[in-house]
Amino acid sequence: MDPYVKILNTMKSKGAESNSPTICVGQVISPPPNLIVQTKDLQLYKDDIYIADYLLSGYERNVAITDGNGTTITTTDAIKIGDKLAIMPTSDLQTWIILCKVVEI
């Protein structure tokens, strides 16, 4: 093998080790509390996943409206079967983070 090609291949593989994981699109197969998300050929189960809190049914957030009073908002639009999600693996590729719900336009 050409020694220059060997050096370039080594540089390429070592450089790839430092690349951050990329964002993927997954689809909800089973909703919470027994969440399962399919991405390509991989099924992710609830023990493998962190999820943005606002995607869960019953999520509450205290907000201050212009009059200054604290108001509680409770969401009812949690993720459901068929929803597409932006997901990203952690650096060890063992845990995934659900970032948000996504839609096609």
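Residues numbered from 1 in each chain as written. Predicted model: local features only at pLDDT ≥ 70, side-chain atom pairs only at ≥ 80, totals over all residues. Heavy atoms only, no water.

**Q** Would you mind showing me how to read the overall build of the protein here?
**A** Helices and strands together make up the secondary structure of the protein, namely one helix and eight strands. Its helices and strands in sequence order give the protein the pattern α-β-β-β-β-β-β-β-β, from N to C terminus. A buried classification covers 22% of the 105 residues belonging to the protein. Contacts in the protein between residues far apart in sequence, at least 24 positions, make up 46% of those at least 6 positions apart. Carbon and sulfur atoms form 57% of the exposed surface of the protein, whose accessible area is close to 7900 Å². (Helix = DSSP H or I, 4+ residues; strand = E, 2+ residues; numbered from the N terminus. Buried < 20%, exposed > 50% of the residue type's maximum accessible area, 1.4 Å probe, protein only. Contact = heavy atoms within 4.5 Å. Areas by Shrake-Rupley, 256 points an atom, 1.4 Å probe, with all protein chains shown as cover.)

**Q** Can you walk me through the pairing of strand β1 (residues 24–30) in this structure?
**A** Working note: regular strand, side chains alternate between the two faces of the sheet. Where β1 lies against strand β7 (residues 84–89), four bridges are found, and the strand directions are antiparallel. What sits directly across from Gly26, in β7, is Leu85. Sheet topology note: the β1/strand β2 (residues 36–39) ladder contains three bridges and is antiparallel. Bridge assignment links Gln27 to a residue of β2, and that residue is Gln38. (Pairing = 2+ DSSP bridges.)

**Q** Is there a simple way to explain the pattern of salt bridges in this structure?
**A** Pairs can form between side chains of opposite charge once their charged atoms are near each other. One pass over the full model with this rule turns up three salt bridges. Between Asp83 and Lys101 there is a salt bridge; the shortest N-O distance is 3.6 Å. Pair noted here: Asp83 is in the loop between β6 (70–74) and β7 and Lys101 is in strand β8 (residues 96–102), with a separation of 18 residues, a long-range link. Two residues, Lys84 and Glu104, come together in a salt bridge whose shortest N-O distance is 2.8 Å. Placement of Lys84 in strand β7 and of Glu104 in the segment after β8 is noted, with a sequence separation of 20 residues between them. Residue Lys84 is classed as partly exposed on the basis of its relative accessible area, which comes to 30%. The network of salt bridges with shared partners includes Lys80, Asp83 and Lys101. (Salt bridge = Lys/Arg side-chain N within 4 Å of Asp/Glu carboxyl O.)

**Q** So what exactly am I meant to see when it comes to the sheet that holds strand β3 (residues 42–45) here?
**A** By way of backbone hydrogen bonds, the strands of a sheet pair with one another, either parallel or antiparallel. Across the sheet, six strands lie side by side as β3-β2-β1-β7-β8-β4; this open sheet has mixed pairing. Here the strands that pair on one side only, and so sit at the sheet edges, are β3 and β4 (49–51). Pairs of neighbouring strands in the sheet enclose a mean axial angle of 40°, with direction left out of account. Relative to β8, β4 runs parallel, the two sharing three bridges. Bridge pairing in β8 places Ile49 opposite Trp96. (Axes fitted to C-alpha atoms, helices over the stretch in contact; angles between N-to-C directions.)

Keep in mind these values describe shape, not function.
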